[in-house]
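Read off the chains here:
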Amino acid sequence: MNIPEHLIEKYNVPVPRYTSYPPANFFSIDYTGKDYREAVVLSNEDEPQNISIYLHIPFCAQLCHYCGCNTHITRNEQIKAEYLEALKSEILMLKPLLNGNRRVSQVHWGGGTPNSLRIDQIEDIMELIYKHFQFIDQPEIAIECNPAHLDHGYTERLIAAGFNRISLGIQDFSEKVLNGVNREIPAIPAADFVRQIQASGKAKVNLDFIYGLPHQTISSFSETMERAIQLQPDRLVTFSYAHVPNIKKSQKILEKAGLVPPAEKLRMFENTYELMKSAGYVPIGLDHFAKADDELAVALKNRSLHRNFQGYCTRETTGQVYAFGTTGISQLENGYAQNAKTVSRYIELINKGEFTTEKGYAVTAGQKIIRHVINEMMCNQYISWPAAAEKMNISEEQLKQVISYDESVLEAFKSDNLLNFDRDQVIVTELGRFFIRNIAASFDAGLNKTGKTFSKAL
Ligand SMILES: C[S@@+](CC[C@H](N)C(=O)[O-])C[C@H]1O[C@@H](n2cnc3c(N)ncnc32)[C@H](O)[C@@H]1O
Ligand code: SF4
């Protein structure tokens, strides 16, 4: 897929990423732990009834200079132990607020590096969760792992503890690239873990990569992708390197080594897209790829794909997200709440018996409607107006009024071959997928009145 130059210029304007709606930079410090507590109680009345649990483990042994995640670099076992005690207290503080008949459909361990913990520490928290919550039949239990801190015994115990989706952060196979960004080199080849996990028959493998790092070239990244395809992961993610040195100071170090120019980065993306497609993988959103029989690929085909801060999910696994640990964002139907940023503040507040909410947002009735439309576009690249109106329990006229529906805007996208539409539906073309943030933004009625700033679309 070659994306025409003139469209890149035309649509490379600031628009939200729409990982959530409203976007995270709308969150306000006026939203407190008390608001979160009330929102949790109200969330019992909302759909989806399923519960998604997100656990944030911020610890990493060493800082990768590109990292944009919320991390706490330490090897101090005492701090980790105190943090885990606070994490358990937070789970036990929230549990009584949830209706007992609600079931967990997803548990996601993110970071930082969850596998910087000892395996018995992970087992301990999972036992607590199994003891206090009911689960749906086939929940998704996922963990993000840095392969440099993994071994076969650890992986085996993860699977025995119920983990059925293990993400390995590969980033790149080239040692030159990894050394250039201060990332530890794994002692055990990723292929061995992929084989072990898939041979268990109980768990699936995701592989994470980043393109746009120093020392990567168009051909070196293609080689990395070809090697990745040989491993046949169930899913693969290629993140575009997000450079935000004002927020993440260590990223400045990468500027000295030289960042990949935008035009080359785009070629890396185009090549990856073609390689993955010809290997039989289905593109999900912009940066995910899944085997054709994977649940996400099937959900996309049925136009029933959903997503939350942890990534894409199916109708079955989608739940309202209750987040635990530093910077975790709870994603309820009625609002968002983000936990304390630092480990010390988090432990201090939890030990006082308080939720640590530092900011959040209560979603209005109108925003729920816009959110539904934007999520459909971002996930399924499709919307049926009658179905959306029925889902939101309003008339089509009301729905179109809320999103400031304007046919001339759709006509303009259509003339660039980004979508097709009629009275009842909008269908995004393959080319349109690359400009999905721009298309979604056209339904975001309040966007231009906010005065907020966003990164560019591409
Ligand atoms: C929490 S990390 C994964 C777990 C583990 N710490 C690791 O590094 O393998 C989640 C993923 O975010 C991606 N990531 C981190 N910083 C990024 C950045 N600045 N731009 C784009 N992707 C990034 C990496 O691909 C990483 O695997
Ligand atoms: S990329 Fe992973 S291991 Fe590296 S600093 Fe970020 S969270 Fe930690």
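Conventions adopted
Residues numbered from 1 in each chain as written. Chains lettered and ligands numbered in written order. Predicted model: local features only at pLDDT ≥ 70, side-chain atom pairs only at ≥ 80, totals over all residues. Helix = DSSP H or I, 4+ residues; strand = E, 2+ residues; numbered from the N terminus. Buried ≥ 20, exposed ≤ 12 C-beta atoms within 10 Å, placed from the backbone. Near = placed C-beta within 6 Å. Nonpolar A, V, L, I, M, F, W, Y, C, P; charged D, E, K, R; others polar. Domains from an automatic or database assignment. Contact = placed C-beta atoms within 7 Å. Core = buried A, V, L, I, M, F, W, Y, C linked by C-beta atoms within 7 Å. Axes fitted to C-alpha atoms, helices over the stretch in contact; angles between N-to-C directions. Parallel < 35°, antiparallel > 145°, perpendicular 65-115°, else oblique. Left-handed = near helix turned anticlockwise from the far one by under 90°. Pairing = 2+ DSSP bridges. Expected span 1.5 Å × (residues − 1).

(A) Just the environment of Asn-179, in detail. Tracing the chain through its elements places Asn-179 in helix 6 (residues 175-180). What makes Asn-179 exposed here is the crowd of 12 C-beta atoms within 10 Å. Distance from Asn-179 to Leu-266, taken between C-alpha atoms, is 23 Å for residues 87 residues apart in sequence.

(B) Focus on the site of ligand 1. Taken together, 18 residues sit near ligand 1, with Gly-68, Asn-146, Gly-169, Asp-208 and Phe-239 positioned nearest. Secondary structure elements with two or more residues in the shell around ligand 1: strand 4 (103-111), strand 6 (165-171) and strand 7 (204-211). In the shell around ligand 1, the residues fall into 8 nonpolar, 8 polar and 2 charged.

(C) Fine view of the site of ligand 2. Close to ligand 2 lie Cys-60, Leu-63, Cys-64, Cys-67, Cys-69, Thr-71, Gly-111, Gly-112, Thr-113, Asn-146 and Gly-169. Split into classes, the residues belonging to the shell around ligand 2 amount to 5 nonpolar, 6 polar and no charged.

(D) Seen up close, the domain arrangement of the protein. Under the domain assignment, the protein is made up of domain 1 (14-330) and domain 2 (364-448). Using C-alpha coordinates to define each centre, domain 1 is positioned 28 Å away from domain 2. With 14 residues of domain 1 at the contact, the number on the domain 2 side is 15 residues. Residue composition of the side of domain 1 that touches domain 2, by class: 9 nonpolar, 2 polar and 3 charged.

(E) Looking closely at the nonpolar core. Ile-166, Ile-374, Met-377, Ile-439 and Ala-440 are the most contacted members of the largest nonpolar core, which has 111 residues in total. Ranked by residue count, the leading element in this core is helix 13 (residues 365-380), at 7 residues. Here this core gathers at least three residues from each of two domains, domain 1 (14-330) and domain 2 (364-448).

(F) View of the packing of helix 5 (residues 152-160) against helix 7 (residues 190-200). Close contact between helix 5 and helix 7 brings their axes to 11 Å; oriented N to C, the two are set at 30°. In this view, helix 5 runs roughly parallel relative to helix 7, as classed from their interaxial angle. Relative to helix 7, the crossing made by helix 5 is right-handed. Contact residues: helix 5 offers His-152, Thr-155 and Ile-159, while helix 7 offers Phe-193, Gln-196, Ile-197 and Ser-200.

(G) Structural context of the packing of helix 3 (residues 77-94) against helix 12 (residues 343-351). Look at helix 3 against helix 12: their axes get within 9 Å of each other, and the N-to-C directions meet at 45°. In terms of orientation, helix 3 and helix 12 fall into the oblique class. Seen from above, helix 3 lies across helix 12 with left-handed handedness. Packed against helix 3, whose contacting residues are Ile-79, Glu-82, Tyr-83, Ala-86, Ser-89 and Glu-90, the element helix 12 presents Val-343, Tyr-346, Ile-347, Ile-350 and Asn-351 at the interface. In terms of residue class, the contact of helix 3 with helix 12 is built from 7 nonpolar, 2 polar and 2 charged.

(H) Spatial organisation of the sheet that holds strand 19 (residues 425-428). Ordered by their spatial adjacency, 3 strands build an open sheet running 17-19-18, and the pairing between neighbours is antiparallel. At either end of the open sheet lies a strand with only one pairing partner, and these are strand 17 (382-384) and strand 18 (419-421). With direction set aside, neighbouring strand axes in the sheet form an average angle of 15°. Note: strand 17 against strand 19, 3 bridges, orientation antiparallel.

(I) Here's a closer look at the pairing of strand 19. The alternating pattern of strand 19 places Val-426 and Val-428 on a buried face and Gln-425 and Ile-427 on a face that is not buried. Two successive antiparallel strands, strand 18 and strand 19, enclose a turn made up of 3 residues.

(J) Structural context of unusual backbone geometry. The omega angle of the peptide bond from Glu-47 to Pro-48 is -5°, so this bond is cis rather than trans. Here Pro-48 is to be found in the loop between helix 2 (33-43) and strand 1 (51-57). The amide bond that connects Gly-111 to the next residue, Gly-112, takes the cis arrangement and shows omega of 15°. Here Gly-112 shows up in the loop between strand 4 and helix 4 (119-132). Even without being a glycine, Asn-393 presents a positive backbone phi close to 60°. Positionally, Asn-393 belongs in the loop between helix 14 (385-392) and helix 15 (396-402).

(K) Structural context of helix 8 (residues 218-231). The end-to-end C-alpha distance of helix 8 is 20 Å, a good match for the 20 Å that 14 residues give at a rise of 1.5 Å each. Structurally, helix 8 contributes buried residues whose contacts are with strand 7, strand 8 (235-240) and helix 10 (262-278). Phi turns positive, to about 55°, at Gln-232, one or two residues after helix 8.

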